[in-house]
Amino acid sequence: MIFKVLHVLLLLFTLASLTHSVTTEELYKGVLSLDELTFDKVVSRFRYALVKFDHPYPYGVDHENFVRLGKQLAKLKRTDVIAVNLEVKDYGEQDSLVLTKRYSVPKEDFPALRLFVTPPNCKVANFTSLKPVVYDEERNLTTNKIHLDPVSMRLFFWRETGIHVTLPNCTADLDQLAASFLQHISRKSAEQPLEGEDLQKAQKIISQVESMSKKSSTEKRKAAAMYLKYMHKGLERGLLFFESEEKRILNLLIDVKENITAAKRKVLQAHFNVLQSFRVNQYPEETPDEQLISKTQTREKSSPPKDTSAKAEL
């Protein structure tokens, strides 16, 4: 009997350990964990490094939001972007406090977000004097602490780097169609109706989204419906519609006097997110790195031609 009880307890302990390991792995997936010894050497090698300064063993909504963004950045087809979690220990040798002092990040502000933009061929000695961009987008009204909001973080990264990151409630393919749609209606105004080739191409994009919606999942159909709504409005009223509509929704979201239910706020946030796909002109485009381009072209020219004779024979 005792043996059976011990066996069951051992089995439960094993299952709990496995569950914990999976959970821990998921909490850091897509994000690189560094310390004070590795920080300068690693981060200085990346053009863009989004770094979260935090307490040891971080958890909670803010950390989860950051990790989801880290996964998204890791899936970009780029080798110069990284998300980093820096756990600052205020016990023991306290070596990691050197970094918080260097970048003026008091532990009272944790979790604190900084974007490091490193110039090409930057040496570690020069990197230590760089000033990161401070994320100060969203604060909790009660605690006045920084809140790592999923939308605000992505817009911050987009605005500071020119790299578009898909927002919640949006999809990459619909974002691309929205950007193309904007190009064709850019000459539309109250005095100048859209016509000719631009009108035809804008209508063709609307048809593409309608067709895509019919073959998609329920979630994507909901997203497509929002994109279609704004495309039809844009076709009717031009670019100024997107600006005025964004202001209207934003005022509803930030006005604490508005008696908005949680469900209604969620819907408004989804519409605000989709609207950003039609407001790309307010965000900068990434400036190409000329040195990086020249190096790539040099490598391509110096690479030996591929031998395709074997494939031809087959």
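Above this text sits the structure in question.
Here is what the cut-offs are and how they apply
- Along each chain, residues carry numbers from 1 onward, in the same order as the chain's sequence is written.
- Selection of residues for local features in this predicted model requires a pLDDT of at least 70, selection of side-chain atom pairs for listing and counting requires 80 or more, and totals for whole chains, interfaces and linings are taken over all residues.
- By convention in this description, side-chain values take in all heavy atoms of the structure and omit both hydrogens and water.
- Where helices and strands are cited, they refer to DSSP runs of H or I of at least four residues and of E of at least two residues respectively, numbered from the N terminus.
- By this rule the span expected of a helix is its residue count minus one, scaled by 1.5 Å.
- The cut-offs for exposure are 20% and 50% of the maximum accessible area for each residue type, with area from a 1.4 Å probe on protein chains only; residues under the lower value are buried, those over the upper are exposed, and the others partly exposed.
- Residue contacts are counted whenever heavy atoms from the two residues lie within 4.5 Å of one another.
- Between any two strands, pairing holds if DSSP finds at least two bridges.
- Lines fitted to C-alpha atoms define the axes, with helix axes restricted to the stretch in contact, and inter-axis angles between N-to-C directions lie between 0 and 180 degrees.
- Note on aromatic contacts: the rings of Phe and Tyr and the six-membered ring of Trp form a pair at centre separations within 6.5 Å, being stacked when their planes are under 30 degrees apart, edge-to-face when over 60 apart, and tilted otherwise.

> Before we go on, may I ask you to explain helix H9 (residues 218-237) in this structure?
Helical geometry: 3.6 residues make up each α-helical turn, so side chains three or four residues apart lie on a common side. Helix length check: H9 (20 residues) gives 29 Å between terminal C-alpha atoms against 28 Å at 1.5 Å per residue, within 8%. Of the positions making up H9, those classed as buried are Ala223, Ala224, Met226, Tyr227, Leu228, Tyr230, Met231, Gly234 and Leu235. Among the structural elements, helix H7 (172-185), helix H8 (196-214), helix H10 (240-254) and helix H11 (262-276) are those in contact with the buried residues of H9.

> What's the story with the sheet that holds strand E1 (residues 32-34) in this structure? I'm lost.
Each strand in a sheet pairs with its neighbour through backbone hydrogen bonds, running either in the same direction (parallel) or in the opposite one (antiparallel). Pairing is mixed across the open sheet formed by five strands, whose spatial order is E1-E3-E2-E4-E5. Two strands lie at the open edges of the sheet, namely E1 and strand E5 (133-134), each paired on one side alone. As paired elements, E1 and strand E3 (residues 81-87) share three bridges and run parallel to each other. What sits directly across from Ser33, in E3, is Asn85. Here helix H3 (residues 61-74) sits on the sheet and contacts strand E2 (48-54), E3 and strand E4 (112-117); the angle it forms with E3, its principal contact strand, is near 150°.

> Where do I start with the packing of aromatic side chains in this structure?
Geometrically, a pair of aromatic rings is defined through the distance of the ring centres and the angle of the planes. Here the structure, examined in full by the defined rule, presents 13 aromatic pairs. Relative to Phe278, the ring of Phe242 lies with its centre 4.9 Å away and its plane at 5°, an arrangement referred to as stacked. Of this pair, Phe242 sits in helix H10 while Phe278 sits in the loop between H11 and helix H12 (290-302), placing them 36 residues apart in sequence. Under the relative-accessibility criterion, Phe278 is labelled buried at 1%.

Everything listed is a geometric property; what it means functionally is a separate question.
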